[in-house]
Amino acid sequence: MLKVIDTHAHLDELENLEPALNKAKEAGVVAIVAVGSNHQSNQKVIGISNSHPDFVYPALGLHPWELGNLDSNGINLTLKFIEEEISQIAAIGEIGLDYDKRVIKVAPKEPQKETLRCLLALARQYAKPVSIHSRYSWIDTFELVKEANIEKAVFHWFTGFSSVLKDILNAGYLISATPAAEYHEEHRRAIKETPMDKLLLETDCPVTYGRENRYRSQPADIIRSLKAVAALKGIDESTIARQTRDNAIEFFRLNM
Ligand SMILES: [Zn+2]
């Protein structure tokens, strides 16, 4: 059976978590990196990973979408919790910038950057990998990550330009493929242009995917990411599974 790792899942947002985790195991998922979005979500992520040791690995973060709801106290509380838990987390994430108009309206670019700098400083200080959101902000996000001297970063669900992708890969950073690899042109191009040693698989569940047939994703849908990548690369599924699994184990230093 194929063995794959879902490197970016919002398990705290799944409605029926236990059945979803069982289904994932049946599909061949051997580990999940659960990312957090805000303080409450981070607390849930720690709880879920404690209940599923050696299967769910926690990453704690502060998603740019959350910044519109937070004052500096809220941000500091989130940062403090991440630092308290730092020794038991696999990564800091989900963090990043989002320049979608609706996001910028509530969380302007400068405050987004300021918060990201704090989170990256924490990652740098404790030598943690980062799971990066960079929608419509590819250049700025890459530059901040680079400036912070981050050693390991994955630009999740990457859809940016080839030029930025080249900079990301040259800096030694990775990208990850979601089930949108089945149909999303920019994402497909990025996957094609990324060498296998710089690629991870993810679901970003419970994101809704699909064009005609829309569905709410769960970790078992990582098989869609796997199959889409295999088709795009013209490489068999078991090779893609093995290589992306090895990449994930090394990147997050998973003990498995
Ligand atoms: Zn996400």
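It should be noted that the structure appears before, not after, this text.
Residues numbered from 1 in each chain as written. Predicted model: local features only at pLDDT ≥ 70, side-chain atom pairs only at ≥ 80, totals over all residues. Heavy atoms only, no water.

## Looking at the packing of helix 3 (residues 72–84) against helix 5 (residues 109–125)
To describe two helices that pack against each other, one gives the angle between their axes and the distance between the axes. Running from N to C, helix 3 and helix 5 point in directions that differ by 15°, and their axes come no closer than 11 Å. Regarding the angle of helix 3 to helix 5, the classification is roughly parallel. Between helix 3 and helix 5 the crossing geometry is right-handed. On helix 5, the residues touching Ile 75, Leu 79, Ile 82 and Glu 83 of helix 3 are Thr 115, Cys 118, Leu 119, Leu 122 and Gln 125. (Axes fitted to C-alpha atoms, helices over the stretch in contact; angles between N-to-C directions. Helix = DSSP H or I, 4+ residues; strand = E, 2+ residues; numbered from the N terminus. Parallel < 35°, antiparallel > 145°, perpendicular 65-115°, else oblique. Left-handed = near helix turned anticlockwise from the far one by under 90°. Contact = heavy atoms within 4.5 Å.)

## Things to note about the coordination of the zinc ion
Protein coordination of the zinc ion is provided by His 8 (NE2), His 10 (NE2), Glu 94 (OE) and Asp 204 (OD), with donor distances spanning 2.1 to 2.2 Å. Its 4 donor atoms give the zinc ion angles of 84 to 172° at the centre, a pattern that matches the irregular case. (Donors = N, O, S within 2.8 Å, 3.2 Å for Na, K, Ca; no water. Tetrahedral: all angles 85-135°; square planar, octahedral: opposite > 155°, others 65-115°.)

## As for the sheet that holds strand 8 (residues 199–201)
Sheet strands pair via backbone hydrogen bonds, and the direction of the pair is either parallel or antiparallel. Ordered by their spatial adjacency, 8 strands build an open sheet running 1-2-3-4-5-6-7-8, and the pairing between neighbours is parallel. Pairing within the sheet leaves two strands with one partner each, and these edge strands are strand 1 (4–9) and strand 8. In this sheet, adjacent strand axes meet at a mean angle of 30° when their direction is disregarded. Two elements, strand 3 (residues 56–60) and strand 4 (residues 91–96), share 2 bridges in a ladder whose sense is parallel. Paired with Leu 60 across the strands is Ile 92, a residue of strand 4. Most of the contacts of helix 5 go to strand 4, to which it runs at about 165°, and overall it touches strand 4 and strand 5 (130–133). (Pairing = 2+ DSSP bridges.)

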